[in-house]
Amino acid sequence: MTKKPFYITTPIYYPSDKLHIGNTYSTVIADAIARYKRLAGYDVMFLTGTDEHGQKIQRKAEDKGVTPKEYVDEIVAGIQDLWKVMNISNDKFIRTTDDYHIAAVQKIFKKLYDQGDIYKGHYEGKYCTPCETFFTETQLVDGKCPDCGRDVEEAKEEAYFFKLSKYQDRLLKHIEENPGFIEPVSRQNEMINNFIKPGLEDLCVSRTTFNWGIPVTFDTDHVVYVWIDALSNYITALGYSSENEEMLEKFWPADVHIVGKDIIRFHTIIWPSLLMALDMPLPKKVYGHGWLLVDGGKMSKSKGNVVDPILLSEHFSVDAVRYYLLREVSFGSDGQYTSENFIKRTNSDLANDLGNLVSRTLQMIVKYFDGNISKGLIEDEFDEALKSFAEETVNNVDKFMDNLKVNDAVESVMKLVARANKYIDETAPWVLAKDEANSERLKGVLYNLTEAIRFISTLISPFLPDTAVKINSQFKFEENILTLDSIKVFGDIDFNLSIERGEVMFPRIDVEKKLEELDKIREEMLKAQGVEKREIIPIKEEITIDDFSKIDLRVVKVLECEKVKKADKLLKLTVELGGETRTIVSGIAKHYAPEDIIGKKVILVANLKPAKLRGIESHGMILAASTDDDSILEIPMINKDIPSGSQVR
Ligand code: ME8
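Residues numbered from 1 in each chain as written. Predicted model: local features only at pLDDT ≥ 70, side-chain atom pairs only at ≥ 80, totals over all residues. Heavy atoms only, no water.

- Labelled according to an unreviewed UniProt entry, the protein chain appears under the name Methionine--tRNA ligase, originating from Clostridium cylindrosporum DSM 605.
- As its UniProt record puts it under Function (unreviewed entry), the protein chain is described as follows: "Is required not only for elongation of protein synthesis but also for the initiation of all mRNA translation through initiator tRNA(fMet) aminoacylation."
- The record held by UniProt for the protein chain lists under Sequence similarities (unreviewed entry) the comment "Belongs to the class-I aminoacyl-tRNA synthetase family. MetG type 2A subfamily." (UniProt positions renumbered as here; feature names shortened; annotations may be inferred.)

In structure tokens form, the structure reads like this:
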């Protein structure tokens, strides 16, 4: 019988050398689904990869003094290693710098141009010259470049456009007629109401301001817009427009694209429109998952709250990390990472519940039957209850996985673990062991426990593959009794096993000690990334709003500025405060030349008692931020049109 194909993808990742536990979620969840489908007998194609073009990469490579390709090669190797560590079972890894991908994207672009879906026009927007980047009005921060904070100017450049607007009605119809196309439903409504119904504009799909991208074959000043390049990976990986399209025929359309909620728009608006233009069927489902947040916010290096999955795996186990991710982020919503919670889950669910069930069962089989287990006397309601619970669990897990409710599926398996532990208490094997006459019954109880563990190990294998392998090797379960088909009926197999006790799977953790260790890990990591944890000067005693309102902060404009003779740290400033002028002496000469601040608006503590410095009376103090040793100092400046004399509150 030929197996049914199942095609699942993750987003292709931007090359980043600091993927954190949250980033890995898209891939871990896709891996769990891919493994489950294999277990269920599908012919699975699981794709992941890297999205390597674009201006940011080009710039980073320039900063490092290497070519963009050299730059990405090193990072991509690190990402591939990370997926190995995390036990990701992808069947293919695509890089957008692979030749076959580049050739296919070029063909896609040309085809769309030839058929009139891509046309040449002008891109108009706000341009930041130093950054060589166009921004839309909404991307600007206070009217300035969001990257460098400098002024932007109106600019216009030649560019190619994709007729996204042409596909608006078809797209809307498709989404409305296929309720499972975008999941969860909340995201579907967001796409329809916030983006599609207000009207889609044609999309600018080429750039000329940098060259680290796929060149447009018929106009080589242009490179293809990164999202067109990136999204195409889902079909180029299957050989689209190559000599051999067998894989494409077999696996396209994709069964599901797993993506984070931040990129669902690209996958449910641009991608389907592009596919319609290519006359290709649309993916069956785009699933936008929630995020794993740390301390309530998105993880980011700058916040110093990154949690490194490799370090966590080394200190705990890969399965502990996978378990946490799969369990903590529920269908479509966000999850929270805290070290305390991570340790708690590892301890209670894995070490206590699952670890104990396995080790107690093994221990009893060794102690009472020399490690041999076969069917004994199965007779009472406890047996029946365990049997039906186990069989129901198989059905529940299947339903949850069909609906991509991975966290619910994991929870179901853990409920079976709890049920089996309860069965031990109900049947009290240690009491049975006291009387030789109960030997057959004792055997029956241990058989049932072994059977429950076989169910658990099979069901947990997509989520915790290492754990399943360890269980199976200790019980000597053969592969043929570890498929979904083989766990339809509980108690059907007459084991003749001779088991061995191996290592403890999840040793219990000393929470306090581990928390300290985790703190250390975090420090090491930040240090490795050049973010040192440092002692800051303690925050001063609390004040009330009334106390604060005594300090009168004002915007002042610097009219004149000169060095103070024989004082290499001091500048003398003449500032204007609502029509009046004042003299201020400020210790900023090492960091600012007079011409740097003349004409600028700064913040003054206006009601500070005057003080004499080098014989000059200073009427107030200018605010500045600095490092503790004063080696770096910056004066906050007011760039908007706020007149001098205005209050700062
Ligand atoms: O977006 N929790 O790549 P990427 C959960 N190259 N998921 C998270 C997360 C978090 N804290 N942080 C990031 C890109 N992610 C594009 C994709 S596809 C044609 C191109 C997820 O490296 C994020 O939502 O920025 C995305 O699904 C994945 O990590 C890769 O993000």
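1. Focus on the sheet that holds strand S12 (residues 286-289)
- Pairing within the open sheet is parallel, and its six strands lie in the order S3-S2-S1-S11-S12-S7. The strands lining the two open edges of the sheet, one partner per strand, are strand S3 (92-95) and strand S7 (182-183).
- Bridge count between strand S1 (residues 5-13) and strand S11 (residues 256-260): two bridges; the pairing is parallel. By the bridge assignment, Ile-8 is partnered in S11 with Val-256. (Pairing = 2+ DSSP bridges. Helix = DSSP H or I, 4+ residues; strand = E, 2+ residues; numbered from the N terminus.)

2. Thoughts on the site of the ligand
- Ile-12, Ser-26, Asp-51, Asp-262 and Leu-292 are the nearest of the 23 residues found near the ligand.
- Contacts to the ligand include Asp-51, whose side-chain N or O atom sits 2.7 Å from a nitrogen atom.
- Contact with the protein chains covers 94% of the free accessible surface of the ligand, which is 670 Å².
- Put simply, the parts of the chain that give the shell around the ligand at least two residues each are S1, helix H1 (25-39), helix H7 (226-231) and S11.
- In terms of residue class, the shell around the ligand is built from 13 nonpolar, eight polar and two charged. (Near = heavy atom within 4 Å. Polar contact = N/O pair within 3.5 Å; in protein donor to acceptor, adjacent residues only side chain to side chain. Areas by Shrake-Rupley, 256 points an atom, 1.4 Å probe, with all protein chains shown as cover. Nonpolar A, V, L, I, M, F, W, Y, C, P; charged D, E, K, R; others polar.)

3. Digging into the UniProt feature "short sequence motif: 'HIGH' region" (unreviewed entry) in the protein chain
- Per the UniProt annotation, the sites labelled "short sequence motif: 'HIGH' region" (unreviewed entry) are residues 13-23.
- The annotated region residues 13-23 carries 0% helix and 9% strand content, and the separation between its end C-alpha atoms amounts to 9 Å.

4. Observations concerning the side chain of Asp-117
- With respect to the helices and strands, the residue Asp-117 is situated in the loop between helix H4 (99-114) and strand S4 (118-128).
- At 2.9 Å, the side chain of Asp-117 forms a polar contact with the side chain of Lys-166.
- Apart from residues no more than four positions distant in its own chain, Asp-117 is found in contact with Leu-112, Phe-161, Phe-162, Lys-163, Lys-166, Tyr-167 and Ala-277. (Contact = heavy atoms within 4.5 Å.)

5. Quick look at the nonpolar core
- Ranked by size, the top nonpolar core spans 107 residues in total, and within it Ile-8, Tyr-337 and Phe-463 carry the most contacts.
- The next biggest cluster of nonpolar side chains, apart from the first, holds 57 residues, and it includes Ile-175, Ile-263, Leu-274 and Leu-275. (Core = buried A, V, L, I, M, F, W, Y, C linked by side-chain atoms within 4.5 Å. Buried < 20%, exposed > 50% of the residue type's maximum accessible area, 1.4 Å probe, protein only.)

6. Overview of the domain arrangement of the protein chain
- Split by domain assignment, the protein chain resolves into domain 1 (338-498) and domain 2 (545-634).
- Inter-centroid distance (C-alpha atoms) of domain 1 to domain 2 is 73 Å. (Domains from an automatic or database assignment.)

7. Looking at the pattern of salt bridges
- The full count for this structure, using the stated rule, is 35 salt bridges.
- The partner of Arg-345 in a salt bridge is Asp-349, and the shortest N-O contact between them spans 3.2 Å. In this pair, Arg-345 and Asp-349 are both assigned in helix H13 (residues 339-369), four residues apart and thus about one turn of the helix distant.
- Linking Arg-454 and Glu-451 is a salt bridge whose minimum nitrogen-to-oxygen distance equals 2.9 Å. Separated by three residues within a single helix, Arg-454 and Glu-451 lie in helix H17 (residues 439-460), roughly one turn from each other. Residues Arg-454 and Glu-451 agree in their burial class; the two are buried.
- The structure contains a network of salt bridges with shared partners spanning Arg-327, Glu-328, Arg-345, Asp-349 and Glu-411. (Salt bridge = Lys/Arg side-chain N within 4 Å of Asp/Glu carboxyl O.)

8. Thoughts on the UniProt feature "domain: TRNA-binding" (unreviewed entry) in the protein chain
- Taking the numbering used here, the UniProt-annotated feature "domain: TRNA-binding" (unreviewed entry) corresponds to residues 547-649.
- For the annotated span residues 547-649, helix accounts for 7% and strand for 41% of the residues, and the straight-line distance between the end C-alpha atoms is 13 Å.

9. Some words on the sheet that holds strand S8 (residues 203-204)
- Across the sheet, which stays open at both edges, the four strands sit in the order S5-S4-S6-S8 with antiparallel pairing between neighbours. A strand with exactly one partner marks an edge of an open sheet, and here the two such strands are strand S5 (133-135) and S8.
- Across three bridges, S4 lies against S5 in antiparallel orientation. Bridged to Lys-126 within S5 is Phe-135.

10. Quick look at the packing of aromatic side chains
- All told, the structure shown has 20 aromatic pairs when counted by the stated rule.
- Between Phe-109 and Phe-218, the ring centres sit 6.1 Å apart and the planes meet at 40°, which makes this aromatic pair tilted. Remark: Phe-218 occurs in the loop between strand S9 (206-207) and strand S10 (223-224) and Phe-109 occurs in helix H4; sequence separation between them is 109 residues.
- The class of Phe-218 is partly exposed, set by a relative accessible area of 28%.
- The ring centre of Phe-266 lies 5.2 Å from the NZ or CZ of Arg-265, which sits over that ring.
- For Lys-514, the ring lying beneath its charged end belongs to Phe-316, and the centroid distance is 4.8 Å. (Phe/Tyr/Trp six-rings, centres within 6.5 Å; stacked < 30°, edge-to-face > 60°. Lys NZ or Arg CZ within 6 Å of the ring centre and 35° of its normal.)

11. Side note on the packing of H1 against helix H14 (residues 381-402)
- Remark: H1 packs on H14, axes separated minimally by 11 Å, with the N-to-C direction vectors making an angle of 125°. For the element pair H1 / H14, the angle class is oblique. In this structure, H1 meets H14 at a crossing whose hand is left-handed. In contact with Ala-32, Ile-33, Tyr-36 and Lys-37 of H1, H14 contributes Val-397, Asp-398, Met-401 and Asp-402. (Axes fitted to C-alpha atoms, helices over the stretch in contact; angles between N-to-C directions. Parallel < 35°, antiparallel > 145°, perpendicular 65-115°, else oblique. Left-handed = near helix turned anticlockwise from the far one by under 90°.)

12. Description of a negative patch on the surface
- Taken together, the side chains of Glu-340, Asp-510, Glu-512, Glu-516 and Asp-519 define an acidic patch exposed on the protein surface.
- The topology assignment puts Asp-510 in the loop between strand S16 (497-498) and helix H19 (511-528). (Patch = residues over 30% accessible without salt bridge, like charges linked within 9 Å, V, L, I, M, F, W, Y side chains within 5 Å. Lys, Arg positive; Asp, Glu negative; His and termini not counted. Charge placed at Lys NZ, Arg CZ, Asp CG, Glu CD.)

13. A look at the environment of Ile-378
- Its location among the elements puts Ile-378 in the loop between strand S15 (372-373) and H14.
- Take Ile-378: its relative accessible area is 37%, and that puts it in the partly exposed class.
- Considering only alpha carbons, one finds Ile-378 and Glu-157, 221 residues apart in sequence, at a separation of 79 Å.

14. Focus on the state of the cysteines
- Under the counting rule described, the total for this entry stands at zero disulfides.
- The closest cysteine sulfur to the non-disulfide-bonded Cys-204 is located on Cys-128, 17 Å from its own sulfur. (Disulfide = S-S within 2.5 Å.)

15. Digging into H4
- The first and last C-alpha atoms of H4 sit 22 Å apart over 16 residues, in line with the 22 Å expected at 1.5 Å per residue.
- Turning to H4, its buried residues number three or more, namely His-101, Ala-104, Val-105, Gln-106, Ile-108, Phe-109 and Leu-112. (Expected span 1.5 Å × (residues − 1).)

16. What to know about helix H12 (residues 318-328)
- Along H12, 11 of the 11 residues are buried, which leaves the element largely enclosed by surrounding structure.
- Restricting attention to buried positions, one finds in H12 the residues Val-318, Asp-319, Ala-320, Val-321, Arg-322, Tyr-323, Tyr-324, Leu-325, Leu-326, Arg-327 and Glu-328.

17. So, the side chain of Arg-454
- The buried category is assigned to Arg-454, whose relative accessible area is 0%.
- Setting aside residues no more than four positions away along its own chain, Arg-454 makes contact with Phe-477, Ile-481, Leu-482, Ser-486, Ile-487, Val-489, Ile-493 and Phe-495.

18. Describing a nonpolar patch on the surface
- Taken together, the side chains of Ile-543, Ile-545, Phe-548 and Ile-551 present a nonpolar region at the surface, about 390 Å² in accessible area.
- Tracing the chain through its elements places Ile-543 in the loop between H19 and helix H20 (545-549).
- Judged by relative accessible area, which is 51%, Ile-543 ranks as exposed.

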